[in-house]
Amino acid sequence: MILNVAFFVAALMVQDQPAAPAPATAQPAPTTQAAPQRSRRICETRAPTGRRLQQRICYTPEQHAALVAAKRKEAEDVVAGGNTLDEEAKILGGI
């Protein structure tokens, strides 16, 4: 029993030892051309009104910026007493 514990401790000690450093004469990796980057998308997960399941909704950066601006304008209008709640639908091409 004690020998099993000793072997286990020895095995753990061997794992903790650092690996040998790479040789100093290693050749640098050749430079390769990067693949063209895809346009970034901003995604969020939310449950639309009246639904239990959440959906992942993604926007282009331009659409997201327009949506943020519309929500900011909507909040300012609500505080000021206006009632324009359809800005999001107009931006995203909805009804």
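Since the structure is predicted, the reported quantities are computational estimates derived from the model, not experimental observations. (Residues numbered from 1 in each chain as written. Predicted model: local features only at pLDDT ≥ 70, side-chain atom pairs only at ≥ 80, totals over all residues. Heavy atoms only, no water.)

S.K.: Looking at this model, I keep getting lost on the environment of Ala 70. Mind explaining?
M.R.: For Ala 70, the position within the fold is in helix 2 (residues 61-80). Sequence separation between Ala 70 and Lys 90 is 20 residues, and the spatial gap between their C-alpha atoms is 9.6 Å. (Helix = DSSP H or I, 4+ residues; strand = E, 2+ residues; numbered from the N terminus.)

S.K.: Would you mind going over helix 2 with me for this structure?
M.R.: Spacing of three or four residues puts side chains on the same side of an α-helix, whose turn is 3.6 residues. Spanning 20 residues, helix 2 covers 28 Å between terminal C-alpha atoms, matching the ideal 28 Å at 1.5 Å per step. Two residues or fewer after helix 2 comes Gly 81, characterised by a positive phi angle close to 110 degrees. (Expected span 1.5 Å × (residues − 1).)

S.K.: What should I look at first to understand the state of the cysteines in this one?
M.R.: Such a bond, covalent and formed between the sulfur atoms of two cysteines, is termed a disulfide. Under the defined criterion, the tally for this structure stands at one disulfide. Linked covalently through their sulfurs, Cys 43 and Cys 58 form a disulfide whose S-S length is 2.1 Å. The S-S bond linking Cys 43 to Cys 58 shows a torsion near 105 degrees; that makes this disulfide right-handed. Taken together, the positions of Cys 43 in strand 1 (residues 42-46) and Cys 58 in strand 2 (residues 55-59) put the pair 15 residues apart, joining distant regions of the chain. By relative accessible area, Cys 43 is classed as partly exposed at 32%. (Disulfide = S-S within 2.5 Å. Buried < 20%, exposed > 50% of the residue type's maximum accessible area, 1.4 Å probe, protein only.)

S.K.: So what exactly am I meant to see when it comes to the confidence of the model for the protein chain here?
M.R.: The predicted coordinates of low-pLDDT regions are not to be read in fine detail. On average, residues of the protein chain score 75 in pLDDT, and 52% of them reach the 70 mark or higher. For the protein chain, per-element mean pLDDT is lowest for helix 1 (residues 2-16), which scores 65, and highest for strand 2, which scores 91. (pLDDT = per-residue confidence, 0-100.)

S.K.: Can you walk me through the pattern of salt bridges in this structure?
M.R.: Pairing is possible between side chains of opposite charge, provided their charged atoms come close. Across all of its chains, the model carries two salt bridges by this definition. Between Glu 44 and Arg 46 there is a salt bridge; the shortest N-O distance is 3.2 Å. Ionic pairing is found between Lys 73 and Asp 77, a salt bridge with its closest N-O pair at 3.2 Å. One end of the pair, Lys 73, and the other, Asp 77, are both in helix 2, four residues apart, so they sit about a helical turn from each other. According to the relative accessible area criterion, Asp 77 is partly exposed, its value standing at 22%. (Salt bridge = Lys/Arg side-chain N within 4 Å of Asp/Glu carboxyl O.)

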